[in-house]
Amino acid sequence: SDLLRDGSLVIGITPIVGTTGLAEAFVEFRKRWPMVTLEFRELGFNQLHEQLRNRTLDLAFAAFARPVSDLGSVKRMVSFETVFVTRVQSPYAGAASLEAVQEAEWIHTDVSGRFPALLAELFAREGLAPPARVTRCTSQALFHSLAVSTDAIFAWTTHSLEETLLGQSFVRLALPVAPPPLQLYLLSPQESQLTRPA
């Protein structure tokens, strides 16, 4: 009945989650729950944690390259293969070694600071100094603008590369290394009694 179809749902997401199929899930949700008031909040990991704990979020979808624990109820949903990419017209587009991309600008959205450490480790294995220019950008909109308007290199899921319109702007680099896969998690408050829409 329509009485069961209203209510509200507040969903927290980490920045990169928008490229993992959430839009398609929203379309399906709307078919079944046309009257539910929805809010999506893009939050950092610590904010997600806090808002799940104080119940201002009903659910959260978080994508991380590392395991997630101590966040209430955690369900690992899907893993996305991740590769290094640059825009099609970048001079680095044909690069096949880390040495060839050492001088490049690298951009990332990782608030944890692990991405620069990962790069340092990958380059050190080849006996190379890490790239000097590594830029963090936690705004997804600005990140996309930087990705299409500069010759920067960044990690991207093969799903986004192959399935999205934006992905057509980028080319996968033939490097001997790749970033770790991205894991998508569904998080809910500890011992939560989920609402019907949730």
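Residues numbered from 1 in each chain as written. Predicted model: local features only at pLDDT ≥ 70, side-chain atom pairs only at ≥ 80, totals over all residues. Heavy atoms only, no water.

(A) Inspection of the sheet that holds strand β3 (residues 59-64) at higher detail. Strand order in the open sheet formed by five strands is β2-β1-β3-β10-β4, and the pairing between neighbours is mixed. The open sheet has two edge strands, β2 (37-42) and β4 (73-80), and neither has a second partner. The sheet shows a mean angle of 20° between the axes of neighbouring strands, direction not considered. Here strand β1 (residues 8-13) pairs with β3 via three bridges, running parallel. (Pairing = 2+ DSSP bridges. Helix = DSSP H or I, 4+ residues; strand = E, 2+ residues; numbered from the N terminus. Axes fitted to C-alpha atoms, helices over the stretch in contact; angles between N-to-C directions.)

(B) Just the pairing of strand β7 (residues 133-136), in detail. Of the pairings in the sheet, the one linking strand β6 (residues 105-108) to β7 comprises four bridges and is parallel in character. Bridged to isoleucine 107 within β7 is threonine 135. For the crossover that starts at β6, traverses helix α3 (residues 114-125) and ends in the parallel β7, the hand is right-handed. (Right-handed = clockwise from strand over helix to strand, strands pointing away.)

(C) Just the side chain of serine 160, in detail. Mapped onto the elements, serine 160 comes out in helix α5 (residues 158-163). Among the polar contacts listed, one links the side chain of serine 160 to the side chain of threonine 157, at a separation of 2.9 Å. (Polar contact = N/O pair within 3.5 Å; in protein donor to acceptor, adjacent residues only side chain to side chain.)

(D) Fine view of helix α2 (residues 45-53). The set of residues buried in α2 consists of Phe45, Leu48, Gln51 and Leu52. What you see down the axis of α2 is that its buried residues fit within an arc of 135°, all on one side. Of the residues in α2, the exposed ones pointing more than 90 degrees away from the buried face are Asn46 and Arg53. Buried positions along α2 lie against β1, β2, β3 and β10 (182-188). Two residues or fewer after α2 comes arginine 55, characterised by a positive phi angle close to 65°. (Buried < 20%, exposed > 50% of the residue type's maximum accessible area, 1.4 Å probe, protein only. Arc of directions from axis to C-beta. Contact = heavy atoms within 4.5 Å.)

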